[in-house]
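# Structural overview for review
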Amino acid sequence: MTDSGTFALNDLVWAKMRGFSPWPGRVVEPPPELKKIAKKNIPAQCIFFFGSNNYAWIENSFIRPYEAFKSKFITSYKTVAFKEAVEAIEKYIKDPEVRTFEASLRQTVPDPDEQFDKLREEEEVESPKPVVTPKKTPKRKEKPKASRNSIKKADNDVESPQPERKRKRISTSLENNDVSHNELDGSFTSHGTTGRRNVAASGLLNRPAPIPRPETPEIDMSKVSQTLKSKNITPSSLRFGFLGLGIMGCGIVKNLINSGHKVVVWNRTFTKCRTFAEAGAQVGDTPSDVVDATDITFSCVADPQAAKDMVFGNCGVLQASSVSEGKGYVEMTGIDSETSTDIADAIVSKGGRYLEAQIQGSKAQAEEGTLIILAAGERLLFEECQTCFEAIGKNSFFLGDVGNASRMNLVLQMIAGISLAGLSESMALAERAGLQTKDVLEVLELTNMASPLILEKGHAMTKGEYPTHHPLTHMQKDLHLALQMSETLEQSLPITASANEVFKHAKRLGYSDHDASAVYVRARF
């Protein structure tokens, strides 16, 4: 890396494209088919990516030296493609003289413009007519198709070029034709195709740059919601644990503390615990420590796998010595009924008690204390949690056996996900038709289709800002779990399957951690 902040040719680096993990690469001269779109005051360099064999212009601020950051990045990602890329760059380091795929491309793939000029020069030169006098007229044979690399005929070729050959466009392609995001101008350009495209294709691929996710402000523990004040809750004398201080967990724990409950918290990122410790909560070192220190422990993490890790993992809930004393465990993570049953069986087999308490609502409802709680499992444990449910929600329902609450939650999430996908497509169509999306919402608000969810997400789409109230990745996860449930029950869900694909595409565009309303970005093209 030079003093000017740029890297020298052939420097090995980590380069990050928006929506992708840092990837091993090498600073190279741009191939002729990769045209740089100029943008003032933003220095960038052409990167050859190992493994995928793609090229891209990357801003210098998203490039780091390979060796200096190797220990940080090399263990952070474990996909097969990433491992292959690391193996490729390590092989290059050990033997720099090896003929890489990139080097061979530079030798075998000519500049398309240069190729066309050569072909045009050929056509302008009149070739001598061939003298062919066969005794017998042979059967007509199909002319063999020219190979991609055969552009110029040999000097002794017996065939002459057509006098008025139509102008043909010569294009080249690299091995990998994946479309990747251009860091400079926010458009999508194919790293493996020539820079020449027709207008229609360019329009289809000219997608907007990912919108930065607004930072989620740190929760303010000093403010008590008006809803909580009006409830006049008498807190339980039991001690409650809480595992997971994410978007929903923070609001839930805030209301538990502000309603006078004794709480012990744990989070994978320890710094998130400090705010709650300052408000009076105790902090456990591990999930098992929280279980040992409390009577009932709540868990609210990202997905089914994280929920299982919390229970079965190292220092997990089952490692607590006091589970056998009848400790209660309440699972609030959005999971499928099979996962909930597995966790319940493990907890009960150790002598503990289990309740699934699925929550309906978003970040705003969690902080205000207006969630809906869907519970199933042990009825006595449900009763012991009532003061907590009063603090965090406006209604709680007991639905019987373990699994019923999870199924009910997925059905409701299906309705929400399908509604958002439909809203996003409607708003995209309105915009394409020249209508003002704010006018659409103003009219919609007066109809019987209006709902808090539709209006809230619609306004986010209109503003083009997606502060996370319910992460898009969680919505897609719930749609996926609903589809899994439908497979088991042999119930066809074609509309849900379509909505799931729309959310999956939005995730691939880099909107996993944005609000679910960011699905509108996908619907616009």
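Residue positions are given per chain, counted from 1 along the sequence in the order it is written. Local features are withheld for residues below a pLDDT of 70 in this predicted model, meaning they are given only at 70 or higher, and side-chain atom pairs are given and counted only at 80 or more; totals for whole chains, interfaces and linings count all residues. Computation of side-chain values covers all heavy atoms of the structure but excludes hydrogens and water.

### What about the overall build of the chain?
Just so we agree on the cut-off: Think of it this way: any DSSP run of H or I at least four residues long counts as a helix, any run of E at least two long counts as a strand, and we number them from the N terminus. For the exposure calls, accessible area comes from a 1.4 Å probe over protein chains only, and a residue counts as buried if that area is under 20% of its type's maximum, exposed if over 50%, partly exposed in between. The contact definition used throughout considers only heavy atoms, calling two residues in contact when any of these lie within 4.5 Å. Computed with a 1.4 Å probe, the accessible areas rest on the Shrake-Rupley method; for each residue, only the protein chains presented here act as cover.
Helix and strand content of the chain: 20 helices and 15 strands. Among the 525 residues that make up the chain, the fraction classed as buried is 43%. In the chain, once contacts between residues fewer than 6 apart in sequence are set aside, the share between residues at least 24 apart is 67%. When the accessible area of the chain is evaluated, it comes to approximately 28700 Å², of which 52% is carbon and sulfur surface.

### Things to note about the sheet that holds strand β12 (residues 328-331)
Pairing between the strands of a sheet is mediated by backbone hydrogen bonds and can be parallel or antiparallel. As a reminder, the rule being used: Note on pairing: DSSP must find at least two bridges between two strands before they are called paired. Axis geometry follows a simple rule: fit a line to the C-alpha atoms, using only the stretch in contact for helices, then measure angles between N-to-C directions, giving values from 0 to 180 degrees.
Ordered in space as β10-β9-β8-β11-β12-β13-β14-β15, the eight strands form an open sheet in which the pairing is mixed. The open sheet terminates on both sides in strands that have one partner only, identified here as β10 (282-283) and β15 (393-398). Pairing analysis gives four bridges linking strand β8 (residues 239-243) to strand β11 (residues 296-299), with the strands arranged parallel. Residue Gly 241 lies in a different strand from β11, and its bridge partner there is Thr 297. Packing of helix α10 (residues 304-312) onto the sheet brings it into contact with β8, β9 (262-266), β11 and β12, and relative to β12 it is tilted by some 165 degrees. Contacting β13 (353-360) and β14 (371-377), helix α15 (residues 404-432) runs over the sheet at an angle of about 10 degrees to β13.

### Remarks on the environment of Gly 313
With respect to the helices and strands, Gly 313 occurs in the loop between α10 and β12. Sequence separation between Gly 313 and Pro 287 is 26 residues; the distance between their C-alpha atoms is 9.6 Å. Beyond its immediate sequence surroundings of up to four residues, Gly 313 is in contact with Lys 308 and Gln 319.

### Concerning the sheet that holds strand β2 (residues 23-27)
Taking strand neighbours across the sheet as the criterion, the five strands line up as β4-β3-β2-β1-β5 in an open arrangement whose pairing is antiparallel. Taken across any chain shown, the strands that pair with only one partner, and hence form the sheet edges, are β4 (54-59) and β5 (63-65). Averaged over neighbouring strand pairs, the angle between their axes works out to 45 degrees when direction is ignored. Inspection of the sheet shows β2 paired to strand β3 (residues 44-49) by three bridges, in the antiparallel sense. Bridge pairing in β3 places Gly 25 opposite Phe 49. Helix α2 (residues 80-94) contacts β1 (12-15) and β2 of the sheet and is inclined by roughly 35 degrees relative to β2.

### A short note on the pairing of β9
For clarity, the cut-off: Look down the strands so they point away from you; if the path from the first strand over the helix to the second goes clockwise, the crossover is right-handed.
Burial of β9 is extensive: four of the five residues sit out of reach of the surface. Relative to β9, β8 is paired through five bridges, and the arrangement is parallel. Counted as the bridge partner of Arg 239 is Lys 262 from β9. Handedness of the β8-helix α7 (residues 247-258)-β9 crossover: right-handed.

### Describing the side chain of Ser 340
By the element assignment, Ser 340 lies in helix α11 (residues 337-349). For Ser 340, a relative accessible area of 0% corresponds to the buried category. The residues contacting Ser 340, other than those within four sequence positions of it, are Ile 335, Tyr 354, Glu 356, Val 402 and Ser 406.

### A word on the environment of Phe 389
Position of Phe 389 among the secondary structure elements: in helix α14 (residues 386-392). Sequence-distant contacts of Phe 389, defined by excluding residues within four places in its chain, comprise Phe 298, Leu 355, Ala 357, Ile 373, Phe 382 and Ser 396.

### Describing helix α18 (residues 472-489)
Applied cut-off: Any helix carries an expected span of 1.5 Å times its number of residues minus one.
Here α18 is 18 residues long and its end C-alpha atoms lie 26 Å apart, about the 26 Å a rise of 1.5 Å per residue gives. Within the sequence span of α18, burial applies to Leu 472, Met 475, Gln 476, Lys 477, Asp 478, Leu 479, Leu 481, Ala 482, Leu 483, Met 485 and Ser 486. Downstream of α18 by a residue or two, Glu 490 has a phi angle that is positive, lying close to 55 degrees.

### Focus: the pattern of salt bridges
What counts here: Between Lys or Arg on one side and Asp or Glu on the other, a salt bridge is scored when a side-chain nitrogen of the former is within 4 Å of a carboxyl oxygen of the latter.
Taken as a whole and judged by the stated rule, the model has eleven salt bridges. Residues Glu 367 and Lys 363 are paired through a salt bridge, measuring 3.1 Å at the closest nitrogen-oxygen approach. Remark: Lys 363 and Glu 367 occur in helix α12 (residues 363-368); sequence separation between them is four residues, near one turn of the helix. Residue classification places Lys 363 among the buried residues on the basis of a relative accessible area of 14%. Two residues, Lys 438 and Asp 439, come together in a salt bridge whose shortest N-O distance is 3.5 Å. A residue is classified by how much of its surface remains accessible, and Asp 439, at 34% relative accessible area, is partly exposed. Here the salt bridges do not stand alone but share partners, grouping Arg 353, Glu 378 and Glu 384 into one network.

### A word on a negative patch on the surface
The condition is simple: Patch criteria: residues need more than 30% relative accessible area and no salt bridge. Like-charged residues are merged within 9 Å; nonpolar side chains of Val, Leu, Ile, Met, Phe, Trp and Tyr are merged within 5 Å. Counted as positive: Lys and Arg. Counted as negative: Asp and Glu. His and the chain ends are not counted at all. Where a charge lies is defined by one atom per residue type: Lys uses NZ, Arg uses CZ, Asp uses CG and Glu uses CD.
On the surface, a cluster of negative charge is contributed by Asp 285, Asp 289, Asp 292 and Glu 325. Residue placement: Glu 325 occurs in the loop between α10 and β12. For Glu 325, a relative accessible area of 62% gives the class exposed.

### As for the environment of Tyr 66
If you trace the backbone, Tyr 66 turns up in helix α1 (residues 66-73). Judged by its relative accessible area of 1%, Tyr 66 falls in the buried class. Taking the C-alpha atoms as reference points, Tyr 66 and Pro 24, separated by 42 residues in sequence, lie 7.1 Å from one another. In this structure Tyr 66 touches Leu 12, Val 13, Trp 14, Pro 24, Ile 74, Val 86, Ile 89, Glu 90 and Ile 93, once residues within four positions along its chain are discounted.

### Describing the confidence of the model for the chain
We apply this condition: pLDDT expresses how confident the predictor is about each individual residue, on a scale running from 0 to 100.
Confidence along the chain averages 82 in pLDDT terms, with 75% of residues attaining 70 or more. Within the model, pLDDT remains below 50 along residues 104-109, and this stretch shows ten contacts once partners closer than five positions in the same chain are excluded. In the model, residues 146-206 has pLDDT below 50 throughout and makes 108 contacts with residues more than four positions away in sequence or in other chains.

### A few points about unusual backbone geometry
One non-glycine residue, Asn 53, lies in the positive phi region at around 60 degrees. Along the chain, Asn 53 falls in the loop between β3 and β4. Although it is not a glycine, Asn 232 sits at a positive phi angle of roughly 50 degrees. With respect to the element layout, Asn 232 can be found in the loop between α6 (226-231) and β8. Exposure remark for Asn 232: the relative accessible area of 65% places this residue in the exposed category.

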